[in-house]
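Inside the fold
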Amino acid sequence: MLDIKLIRENPEYVKNNLMKRGDPENSKMLDTIVAVDREWRHKLTKLNDLRHERKMLTAEVGKLKKAGKDASSKVEKAKALDSEITGIQAEVASAEEKTGDYLMRLPNLLHDTVPVGNDESGNVQVRSWGIIPKFDFAIKNHIDLGLNLDIIDIERAGKVTGSRFFYLKRAGVLLDMALMSFALEEITKKGYLPVEPPYLMRREPYEGVTALGDFEEVLYKIESEDLYLIATSEHPMAAMFMNEVLKEEELPLKLAGISACFRKEAGAHGKDTRGMFRTHQFNKIEQFIFCKPEESWQLHEELLRNAEDLVQKLGLPYRVVNVCTGDIGTVAAKKYDIEVWMPAQNAYREVVSCSNCTDYQARRLGIRYREKEGAPPKGFLHTLNSTAIATGRTIVAILENFQQEDGTIVVPKVLRKYMQDIEKINLER
RNA sequence: GCCGGGAUGGCAGAGUGGAUAACGCGCGGGCCUUGAGAGCCCGUGGACCUUCAGGUCCGCAUGGGUUCGAAUCCCAUUCCCGGCGCCA
């Protein structure tokens, strides 16, 4: 959510920034907000005047009654004033609701370094790492590899849950858990606090962390309960401190979330329909930071470096892209993606997403900070999040990049200690 | 799930229908001091109008209701504590 005061004082600045996202709706909403806000302030002043009048009247009634005198004419006046107040109060409330509603729909302001572009093709490569593997045999995709090794069962998942789910088996399970353990250990070594959050959230906190469109597009709703399955542990971690004031000395607060993630992916029909690349459920270790505004851009780079470090240790070739204005999410001010080379697709594909959400989530959630105990709140925090490792896509990358001619998979050295020292995944293991 | 008790500012905690939410701690500023502390004084939730001073409203878990007037009375909801029940 943007600061209404900023919009009031500098609407052109806000508008120019929003225009970079390429959606004309934003500009229309902004105009509406400015107009309704002006009306709201006008009516609020009127309302306050009327309330003041009633207050005076009420005080007189009190005095008269105490003195045992007749107050009926004043009481009548107060009653009449009351109905006038009720009327204007409703107008104020509806104006308030309208601005609040539009304010919740406006996306975050973009950082100056975000490249302008319409879609994915406008993303700008920042750097690349590793060597794209050359195979002197006919390579298989992760689905064939996984089926042949009996570590993935997609067909039976289809029977039980429908498309875009999978059963992991045998070494597939070990690999999944090894990735989680590896990422958690590496990230906690860097001072991130492990957190296992609830997998369900109520709507109100959920509205604080995500775009409203996500409720229809990506979130699974529990029937007849005010609960949604989390799409990432970012969400319950961000909402954890809703309506709280953190102390400056505990910042930056760095968390490592561990959870399964659930996504409907409505609107993704036809994209990556087979296999484990785009699924309704996967496991993820997520980095999350609450910090002071002045340190968030530096920490954004730290999150990216942490994520790159993990991918490098796994030995997967990748590139980093600066996601452009047309492709960046609603809540992010700037976002890097790490895209790992997927041999069977002959393309780099996203496995990590690293965002600085500035004060956008914190303002929606009411998360502020104070300099010390007893001091008044200083302002809203900044929040940042980044994948450490999402197992589904990383498993795809490992299977395809480290496949051998005989269909076996060489396990990355750093994972072996977490999976019974298996060096190679074959039909025996 | 049932019965009972509770929710007030950063914290502790009064107020049980009639203007300003008491006192304290903490925090900020000032006086004093070589400096710090102590002591003393002022301030310390949010919004709006005006901006020089200032003015007004809202705020006692959340949402309704009763009343000329609600932190205070009534109803619903949420969460916390205790007891009972159920249970991986």
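Everything that follows concerns the structure shown earlier in this document.
Here's what I pulled together on the structure shown here. (Residues numbered from 1 in each chain as written. Chains lettered and ligands numbered in written order. Predicted model: local features only at pLDDT ≥ 70, side-chain atom pairs only at ≥ 80, totals over all residues. Heavy atoms only, no water.)

A packed helix pair is summarised by two numbers, namely the angle formed by the two axes and the spacing between the axes. Running from N to C, helix α3 (residues 24–66) and helix α4 (residues 72–105) cross one another at 155 degrees; their axes reach a closest spacing of 8 Å. With respect to their mutual orientation, α3 and α4 come out roughly antiparallel. For α3 against α4, the interelement crossing comes out left-handed. A per-class count over the contact of α3 with α4 returns 19 nonpolar, three polar and 15 charged. (Axes fitted to C-alpha atoms, helices over the stretch in contact; angles between N-to-C directions. Helix = DSSP H or I, 4+ residues; strand = E, 2+ residues; numbered from the N terminus. Parallel < 35°, antiparallel > 145°, perpendicular 65-115°, else oblique. Left-handed = near helix turned anticlockwise from the far one by under 90°. Nonpolar A, V, L, I, M, F, W, Y, C, P; charged D, E, K, R; others polar.)

Look at helix α2 (residues 11–19) against α3: their axes get within 9 Å of each other, and the N-to-C directions meet at 160 degrees. Compared by their axis directions, α2 and α3 come out roughly antiparallel. Where α2 crosses over α3, the handedness of that crossing is right-handed. Contact with α2, carried on its side by P11, V14, K15, L18 and M19, involves N26, S27, L30, D31 and V34 of α3 and no other residues of that element. Classifying every residue of the contact of α2 with α3 gives six nonpolar, two polar and two charged. (Contact = heavy atoms within 4.5 Å.)

The next thing to look at is the protein's contact with RNA strand B. What surrounds RNA strand B is a group of 24 residues, the closest being R8, N48, H52, D82 and G374. With respect to RNA strand B, the side chain of R51 contributes an N or O atom lying 3.2 Å from a sugar or linking oxygen. The side chain of R370 places a nitrogen or oxygen atom 3.0 Å from a sugar or linking oxygen of RNA strand B. Residues of the surface near RNA strand B, tallied by class, amount to six nonpolar, six polar and 12 charged. (Near = heavy atom within 4 Å. Polar contact = N/O pair within 3.5 Å; in protein donor to acceptor, adjacent residues only side chain to side chain.)

Once that is clear, we can look at the sheet that holds strand β7 (residues 245–247). Taken in spatial order, the three strands make up an open sheet running β7-β13-β14, and their pairing is mixed. Looking at the sheet topology across the chains shown, the edges are occupied by β7 and β14 (377–380). Between one strand axis and the next, the sheet turns through 35 degrees on average, direction left out of account. (Pairing = 2+ DSSP bridges.)

This next bit is on the sheet that holds strand β4 (residues 193–195). Pairing within the open sheet is mixed, and its eight strands lie in the order β1-β10-β11-β12-β15-β9-β8-β4. In this open sheet, the two strands that pair with only one neighbour each are β1 (124–129) and β4. Averaged over all neighbouring strand pairs, the angle between strand axes comes to 25 degrees, with direction disregarded. Contacts from helix α7 (residues 171–189) reach β4, β8 (253–262), β9 (281–291) and β15 (382–390), with the element oriented near 10 degrees to β9. Here helix α13 (residues 391–401) sits on the sheet and contacts β9, β11 (334–342), β12 (347–356) and β15; the angle it forms with β11, its principal contact strand, is near 35 degrees.

Once that is clear, we can look at the pattern of salt bridges. According to the stated counting rule, one finds 28 salt bridges in the structure shown. The partner of E39 in a salt bridge is K43, and the shortest N-O contact between them spans 3.2 Å. A residue pair is termed a helical-turn pair when its members lie 3 or 4 positions apart in one helix, as E39 and K43 do in helix α3 at four residues. Owing to a relative accessible area of 40%, E39 belongs among the partly exposed residues under this scheme. Note that R105 and D101 form a salt bridge whose closest N and O atoms lie 3.6 Å from each other. Of the two residues, R105 and D101 both sit in helix α4, four residues apart, roughly one turn of that helix. Through salt bridges with shared partners, one network takes in E186, K189, K190, D309 and K313. (Salt bridge = Lys/Arg side-chain N within 4 Å of Asp/Glu carboxyl O. Buried < 20%, exposed > 50% of the residue type's maximum accessible area, 1.4 Å probe, protein only.)

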